[in-house]
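Analysis of the macromolecular model
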Amino acid sequence: MKLTAQIKNAADGRLDLRVVELPELVAHARKFDDIPDAVRDAAARLTGRPGQDFDVEVRY
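Since this is a predicted model, take the numbers as computed values, not measurements. (Residues numbered from 1 in each chain as written. Predicted model: local features only at pLDDT ≥ 70, side-chain atom pairs only at ≥ 80, totals over all residues. Heavy atoms only, no water.)

Comments concerning the pattern of salt bridges
Under the counting rule described, the total for this entry stands at five salt bridges. Arg40 is the partner of Asp37 in a salt bridge, and the nearest nitrogen-oxygen pair spans 3.0 Å. In this pair, Asp37 and Arg40 are both assigned in helix H1 (residues 35–47), three residues apart and thus about one turn of the helix distant. For Asp37, a relative accessible area of 47% translates into the label partly exposed. The shortest N-O distance in the salt bridge between Arg59 and Glu57 comes to 3.2 Å. (Salt bridge = Lys/Arg side-chain N within 4 Å of Asp/Glu carboxyl O. Helix = DSSP H or I, 4+ residues; strand = E, 2+ residues; numbered from the N terminus. Buried < 20%, exposed > 50% of the residue type's maximum accessible area, 1.4 Å probe, protein only.)

A word on the confidence of the model for the protein chain
This prediction gives the protein chain a mean pLDDT of 97; 100% of its residues lie at or above 70. The least confident element of the protein chain, judged by mean pLDDT, is strand S1 (residues 2–11) at 96; the most confident is H1 at 98. (pLDDT = per-residue confidence, 0-100.)

Notes on the sheet that holds strand S2 (residues 14–19)
On the basis of which strands lie adjacent, the open sheet formed by four strands has the order S3-S2-S1-S4 and mixed pairing. Both edges of this open sheet fall to strand S3 (27–29) and strand S4 (55–59), since each of them pairs with a single strand only. Across the sheet, the mean angle from the axis of one strand to that of its neighbour is 35°, orientation sign disregarded. Against the sheet, H1 engages S1, S2, S3 and S4, with an angle of about 155° to S3. (Pairing = 2+ DSSP bridges. Axes fitted to C-alpha atoms, helices over the stretch in contact; angles between N-to-C directions. Contact = heavy atoms within 4.5 Å.)

Regarding the side chain of Thr4
Tracing the sequence through the fold places Thr4 in strand S1. For Thr4, a relative accessible area of 3% puts it in the buried group. Other than its neighbours up to four places away in sequence, Thr4 contacts Arg18, Val19, Val20, Glu21, Glu57 and Arg59.

Details of the nonpolar core
Within the largest apolar cluster, 16 residues are counted, with the highest numbers of intra-cluster contacts made by Leu3, Leu17, Leu25, Ile35 and Val39. Of all elements in the fold, only S1, S2, S3 and H1 reach the threshold of two or more residues within this core. Excluding residues within four positions of it along the chain, Leu3 makes contact with Val19, Glu21, Leu22, Val39, Ala43, Phe54, Asp55, Val56 and Glu57. (Core = buried A, V, L, I, M, F, W, Y, C linked by side-chain atoms within 4.5 Å.)

Next up, the structure:
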């Protein structure tokens, strides 16, 4: 499943993320490089599917 992550807010060294395809998903990362893994982990917890099922595209 393709997920599109966008930065909702950035403050105090923390990136709050939103995902277009799963609006109820809440994810946070500390660095830009961590965004895909953070979104995969949160999506896996939310859906019960394995993290590798998600292909994350980050839009800045």
